[in-house]
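Listed below, chain by chain, are the residues.
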Amino acid sequence: MRGEASGQHDWLDGDAGPVVRPYTVTGGRVRPVTGGFDLMAFVLAAPEAATSPDAAHLQPEHRAILAMAEDPVSVAELASGLNLVLGVVRVLLGDLLAAGLIAMYEPSTAAHFPEDDVLQAVVNGLRAL
């Protein structure tokens, strides 16, 4: 094996440190315990969430989410900012929501999307260019 011959394991990287698989972060879970977490949903940490007794048992990734969510932030921005897979972020958000440490604000439904005739006019205008 490559890693054993050099005395170093394959899951260690000199620059990045130990590599942790996403399913390890979530304890093997692939679905959040609660919530759907649309990409555009906003997350906001509850006041005093970081000092809550429930926060004492959080993983570093949970704490990082709470730190980023001091101001409203989208689920997509969280995944990007934390450099985590979206599915992992959704599971972690489910944990935080179940503990009451975050609030979720889902985007409104299709009621705010433009009418089909407006979209068609935009497409026609672009084609005319």
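Just above sits the structure.
Residues numbered from 1 in each chain as written. Predicted model: local features only at pLDDT ≥ 70, side-chain atom pairs only at ≥ 80, totals over all residues. Heavy atoms only, no water.

Some details on the pairing of strand β5 (residues 102–105)
Right, on to step 1. Only one face of β5 is buried: it carries Ile102 and Met104, and the other face, with Ala103 and Tyr105, is open.
Right, on to step 2. For strand β3 (residues 42–45) and β5, the ladder comprises four bridges, and the chain directions are antiparallel. Among the inter-strand pairings, Ala45 is bridged to a residue of β5, identified as Ile102. (Buried < 20%, exposed > 50% of the residue type's maximum accessible area, 1.4 Å probe, protein only. Helix = DSSP H or I, 4+ residues; strand = E, 2+ residues; numbered from the N terminus. Pairing = 2+ DSSP bridges.)

A short note on the packing of helix α4 (residues 75–82) against helix α5 (residues 86–98)
Right, on to step 1. Remark: α4 packs on α5, axes separated minimally by 9 Å, with the N-to-C direction vectors making an angle of 115 degrees. Here α5 runs roughly perpendicular to α4, going by the angle between their axes. Considering only the axes of α4 and α5, their crossing is right-handed. Contacts from Val75, Leu78 and Ala79 in α4 reach Leu86, Val89 and Leu93 in α5.
Right, on to step 2. Tallied by class, residues from the contact of α4 with α5 come to six nonpolar, no polar and no charged. (Axes fitted to C-alpha atoms, helices over the stretch in contact; angles between N-to-C directions. Parallel < 35°, antiparallel > 145°, perpendicular 65-115°, else oblique. Left-handed = near helix turned anticlockwise from the far one by under 90°. Contact = heavy atoms within 4.5 Å. Nonpolar A, V, L, I, M, F, W, Y, C, P; charged D, E, K, R; others polar.)

Looking at the sheet that holds β3
Hydrogen bonds between backbone atoms are what pair the strands of a sheet, whose relative direction is either parallel or antiparallel.
Right, on to step 1. Spatial strand order, β4-β3-β5: three strands in an open sheet with antiparallel pairing. Where the open sheet ends on each side, the last strands, each with one partner, are β4 (73–74) and β5.
Right, on to step 2. In the sheet, β3 pairs with β4 via two bridges, with the strands oriented antiparallel. What sits directly across from Val43, in β4, is Val73.

Brief notes about the nonpolar core
Right, on to step 1. Counting 23 residues, the largest nonpolar core has Val43, Leu66, Val75 and Leu93 as the members making the most contacts within it.
Right, on to step 2. For this core, the secondary-structure elements that each account for two or more residues are β3, α3 (60–68), α4, α5 and β5.
Right, on to step 3. No other element matches α5, which puts five residues into this core.
Right, on to step 4. Those residues within four positions of Leu66 in sequence are excluded, and the remaining contacts are Ala45, Ala49, Leu58, Leu96, Leu101 and Ile102. (Core = buried A, V, L, I, M, F, W, Y, C linked by side-chain atoms within 4.5 Å.)

All quantities given are derived from atomic positions and should not be read as evidence of function.
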